[in-house]
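Take a look at the letters that make up each chain.
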Amino acid sequence: MVDMLQSRYLSVLEAKTRDEFQVELVRFTRQLGFETFGAIAVVDHFLGEPEFITVDNTPDAYRATFSDRDKGKHDPVIQHCKRKSVPIIWDQATYTNADRGDMWEWQARFGYCCGISLALHMPEGRHFVLGVDRDQALPKDPAEVTRMVASLNLFAAYAQEAAARILVPASTGPDLPALTPRELEALRWTMEGKTAWEVGRILGISEQTAVRHVHNASRKLGCVNKHQAVLKALRLKLIW
């Protein structure tokens, strides 16, 4: 199961069209043990309303509700993702505790009984929301749920990179960030799966300095974590 999920991380990066992107999201969702998913790329505009680009496999009978932006203003899961970057594991109690039990009752008819959702908030007013849902309760084993959350979190970093390229292409090519040789080296070794301590040993620097190089590289690339930074550096051909 783990190997199959890991193969989806790289496969979603290879998607070239919206349809291919959706196919990879469906495969990952089902291998993780869920039926439906919703992926939303959001672009904030200084003047005007935010732009929402959605890819999902929502049942036709529920699509009108799923696409209703007003519903999102009252949905506790959407509101969590709007304000926080940590994943939310939700079920009926999430809605009843927010006095939205009627909302859960309606969506449960279409298989939206519980799930996991998260949001990545990037610089320049860009966001990526990814959620997976199913009609059965999540496993009772906390370790299994933790594995699901971790897999979704990592997959989201890859999916966000693909979404930025496929769904929200830049109108003009950005200037390449000016990363120092040390920052590039730290990213290369991070790409190989090395920890900050291992990168420090390889480069002959302290662990703290290695962390700082990766942090600076992530900031210059406009990324919120090292996984996104590595993926963006690969896409920009800064590392290989």
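Residues numbered from 1 in each chain as written. Predicted model: local features only at pLDDT ≥ 70, side-chain atom pairs only at ≥ 80, totals over all residues. Heavy atoms only, no water.

Q: Explain the packing of aromatic side chains to me, using residue names and the numbers behind them.
A: Under the definition given, this model contains 5 aromatic pairs. Pairing Phe-28 with Phe-155 gives two aromatic rings, centres 3.9 Å apart and planes at 5°, and the pair type is stacked. With Phe-28 in helix H2 (residues 18–32) and Phe-155 in helix H8 (residues 142–166), this pair connects stretches of sequence that are 127 residues apart. Across this residue pair, the class does not change: Phe-28 and Phe-155 are buried. The interplanar angle of 35° and the centroid separation of 4.7 Å between the aromatic rings of Tyr-62 and Tyr-112 together place this pair among those described as tilted. Highlighted residues: Tyr-62 in the loop between strand S2 (51–56) and helix H3 (63–66) and Tyr-112 in the loop between helix H7 (101–108) and strand S4 (114–122), separated in sequence by 50 residues. The same class applies to Tyr-62 and to Tyr-112, which are both buried. One residue, Arg-69, lies across the ring of Phe-52, its end atom 4.3 Å from the ring centre. For the cation-ring pair, Arg-134 lies above Phe-34, with the distance from its terminal atom to the ring centre recorded as 5.2 Å. (Phe/Tyr/Trp six-rings, centres within 6.5 Å; stacked < 30°, edge-to-face > 60°. Helix = DSSP H or I, 4+ residues; strand = E, 2+ residues; numbered from the N terminus. Buried < 20%, exposed > 50% of the residue type's maximum accessible area, 1.4 Å probe, protein only. Lys NZ or Arg CZ within 6 Å of the ring centre and 35° of its normal.)

Q: Please give an account of the pattern of salt bridges that cites residues and values.
A: Here the structure, examined in full by the defined rule, presents 7 salt bridges. For Asp-70, the salt bridge goes to Lys-73, with nearest N and O atoms at 3.5 Å. By relative accessible area, Lys-73 is classed as exposed at 58%. In this structure, Arg-147 engages Glu-144 in a salt bridge whose closest nitrogen and oxygen atoms are separated by 2.7 Å. Here Arg-147 pairs with Glu-144, and both are found in helix H8, just 3 residues apart, close to one helical turn. (Salt bridge = Lys/Arg side-chain N within 4 Å of Asp/Glu carboxyl O.)

Q: An account of helix H12 (residues 226–235) is needed here, citing residue identities and associated values.
A: Think of an α-helix as turning once every 3.6 residues; residues three or four places apart then point the same way. The complete set of buried residues in H12 reads Gln-228, Ala-229, Val-230, Leu-231 and Ala-233. Where H12 begins, the side chain of Asn-225 points an oxygen toward the backbone nitrogen of His-227, at a separation of 3.1 Å. At the exit of H12 stands Lys-237, carrying a positive phi of roughly 60°. (Polar contact = N/O pair within 3.5 Å; in protein donor to acceptor, adjacent residues only side chain to side chain.)

Q: Let's hear about unusual backbone geometry: which residues, and what values?
A: A positive phi is found at Asp-99, a non-glycine position, where the angle reads about 60°. Residue position: Asp-99 is located in the loop between helix H6 (92–96) and H7.

Everything listed here is a matter of coordinates, which is why it stays silent on function.
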